[in-house]
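Residues per chain, in single letters:
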Amino acid sequence: MPDCHSSLLKRKIIHFDMDAFYAAIEIRDNPALRGKPVVVGGSPNSRAVVCTASYEARKYGIHSAMACSKAARLCREAIFIDPHFEKYQAASSHIREIFKQYTALIEPLSLDEAFLDVTHNAARLYAVTIAKRIQKEVQNTLELTGSAGVAPNKLVAKIASDMKKPNGLTVVLPDQVTSFMQNLPLRKIHGIGPVTEKRLTALGLKVCSDVWKYSKAALSLHLGNMATWLYERSQGIDEQPVETERVRKSLGKEETFPIDLLELSSLREELAKLTHAVARHLTEADLKGKTITLKVKYDNFEHITRSQTIEHFTRDEHVILEVTTNLLSKTEAGRRRIRLLGISVSNF
Ligand code: TTP
Ligand code: MG
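Rules and cut-offs
Residues numbered from 1 in each chain as written. Chains lettered and ligands numbered in written order. Predicted model: local features only at pLDDT ≥ 70, side-chain atom pairs only at ≥ 80, totals over all residues. Heavy atoms only, no water. Helix = DSSP H or I, 4+ residues; strand = E, 2+ residues; numbered from the N terminus. Buried < 20%, exposed > 50% of the residue type's maximum accessible area, 1.4 Å probe, protein only. Contact = heavy atoms within 4.5 Å. Areas by Shrake-Rupley, 256 points an atom, 1.4 Å probe, with all protein chains shown as cover. Lys, Arg positive; Asp, Glu negative; His and termini not counted. Charge placed at Lys NZ, Arg CZ, Asp CG, Glu CD. Axes fitted to C-alpha atoms, helices over the stretch in contact; angles between N-to-C directions. Parallel < 35°, antiparallel > 145°, perpendicular 65-115°, else oblique. Left-handed = near helix turned anticlockwise from the far one by under 90°. Core = buried A, V, L, I, M, F, W, Y, C linked by side-chain atoms within 4.5 Å. Domains from an automatic or database assignment. Pairing = 2+ DSSP bridges. Near = heavy atom within 4 Å. Polar contact = N/O pair within 3.5 Å; in protein donor to acceptor, adjacent residues only side chain to side chain. Nonpolar A, V, L, I, M, F, W, Y, C, P; charged D, E, K, R; others polar. Salt bridge = Lys/Arg side-chain N within 4 Å of Asp/Glu carboxyl O.

## Thoughts on the overall build of the protein chain
On a plain count of helices and strands, the protein chain comes out with 14 helices and twelve strands. For the C-alpha atoms alone, the extent of the protein chain along its principal axes is close to 55 × 55 × 40 Å. Across the 348 residues that make up the protein chain, the buried fraction comes to 44%. Restricting to contacts in the protein chain with at least 6 residues of sequence separation, those with at least 24 account for 64%. When the accessible surface of the protein chain is summed, it comes to about 18300 Å², and 50% of that surface belongs to carbon and sulfur atoms. With 49 positive and 40 negative side-chain charges, the protein chain shows a spacing of 2 Å between the two charge centroids.

Take a look at the structure:
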């Protein structure tokens, strides 16, 4: 048992995430765009939403999932480009080939992001050396940059890769985990969204070390099931292994709202955002499905699902939105307050 435990503690994980991925590829392929506010998504005169924006465009407040029409209002000079998914997929598989030179333990999270377990790499290299080599190779062969986090686990590696974007490298050694987490806002922990953040803030918990002042038992009085999870995460503890790709049966996303929603217009807006995310994940996973399911949770936590199976396999955002809007009309939306909406696609 002690052996097993120490091997867990000694994991070496890299989280690698490309910088402004879609936009960087478009700029690479058209150097006239360099240094300009570039938005990948579609025309500002369409219903398109922003997939991603170059760092120059982000200075204007433009971000992913925003309507392109709004992005155009925020920045008049912004250049709008339609997405070219084949190019992004090609770059993504190329990047995975680079990862594979160092380990077979790769867990892709999306086209541009993955965890690598390099504890036992064939070349017996330091994790930091591998991260640097990957960055260099990505730059040399793809003319793109990515940022890396190196840490003893997935939780810390993912937070670390985001610290020095773009083209950054952040290393957190096992004995630095506590100080790394100490002043970190709880929001940075993967799994704590705006709703949970608000709940924790109301309890006076803003940064990780705020949680350390309490025992697990005291926390569970206020947080129930979440207490143990938060207690460990706030200390940078995460023993989840890197999981190589598994077979998927469905793909979806759900969102709990900061306040329960009654207005149909707000619910439709939320549906559009969820649909965008699901369509993107389907594209990235190269999946199409026939069954579309809507989940609705009312303010009393009662939840229902409504499904529709269509004739053709799809991952089309507009098709999914049309179906889910129709499914929404078969619920009590507009009459009862809704706390959560979820969309999933299955039957691949
Ligand atoms: P991210 O890694 O979240 O963003 P990014 O790579 O563009 O920028 P960063 O430097 O901050 O990592 O997402 C990767 C790609 O996924 C992104 O380039 C476009 C796509 N994407 C969407 O299509 N819609 C979305 O809502 C998000 C978040 C990403
Ligand atoms: Mg990225």
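## Let's talk about the packing of helix α5 (residues 85–100) against helix α6 (residues 127–142)
Running from N to C, α5 and α6 point in directions that differ by 140°, and their axes come no closer than 10 Å. The angle between α5 and α6 places the two elements in the oblique class. In this structure, α5 meets α6 at a crossing whose hand is right-handed. Every residue of α6 that contacts α5 at A91, H94, I95, I98 and F99 is listed here: I134, E137, V138, T141 and L142.

## Considering the nonpolar core
If you look at the biggest cluster of nonpolar residues, it comprises 32 residues, and the most contacted ones within it are I14, F21, F99, L116, I134, V138 and L144. The set of elements that each furnish at least two residues to this core consists of β1 (13–18), α2 (21–29), α5, β6 (113–117), α6 and β7 (146–151). Looking at this core element by element, the count peaks at six residues for α6. Split by domain, the residues of this core number at least three in each of domain 1 (11–20 + 86–175) and domain 2 (21–85). Those residues in contact with L144 that lie beyond four places of it in its chain are M18, F21, A24, I25, R28, A91, V138 and Q139.

## Some points on the pairing of strand β5 (residues 106–110)
Burial within β5 is extensive, with four of its five residues counted as buried. Summarising the sheet, β5 and β6 pair through four bridges and their orientation is antiparallel. Looking at β6, one finds that S110 is bridged to E113. In sequence, β5 turns back onto β6 through a hairpin of two residues.

## Notes on the site of ligand 1
If you check the shell around ligand 1, you find 16 residues, and the closest are A20, T52, Y55, R58 and R280. Between ligand 1 and Y22 there is a distance of 3.0 Å, counted from an oxygen atom to a backbone nitrogen or oxygen. Protein coverage of the free-state accessible area of ligand 1, which is 560 Å², stands at 83%. When residues in the shell around ligand 1 are grouped by element, the largest group, three residues, is from helix α13 (residues 264–285). Per-class residue counts for the shell around ligand 1 are six nonpolar, three polar and seven charged.

## Some remarks on the sheet that holds strand β12 (residues 338–346)
With respect to topology, four strands assemble into an open sheet ordered β9-β12-β10-β11, the strand pairing being antiparallel. With partners counted over all chains shown, the strands left at the sheet margins are β9 (250–261) and β11 (303–314), one partner each. Taken pair by pair, the neighbouring strands of this sheet meet at an average axis angle of 15°, ignoring direction. Pairing analysis gives eight bridges linking β9 to β12, with the strands arranged antiparallel. Paired with K253 across the strands is I343, a residue of β12. Where α13 meets the sheet, it contacts β9, β10 (289–298), β11 and β12, and its direction lies at approximately 155° from that of β9. Together, β10, β11 and β12 form the strand contacts of helix α14 (residues 317–328), whose direction differs from that of β11 by roughly 145°.

## Quick word on the pattern of salt bridges
This structure, assessed with the given rule, holds 17 salt bridges. Between R315 and D286 there is a salt bridge, with the nearest N and O atoms lying 3.0 Å from each other. Of the two residues, R315 is situated in the loop between β11 and α14 and D286 in the loop between α13 and β10; the sequence distance between them amounts to 29 residues. With a relative accessible area of 22%, R315 lands in the partly exposed category.

The analysis is restricted to geometry; functional conclusions fall outside its scope.
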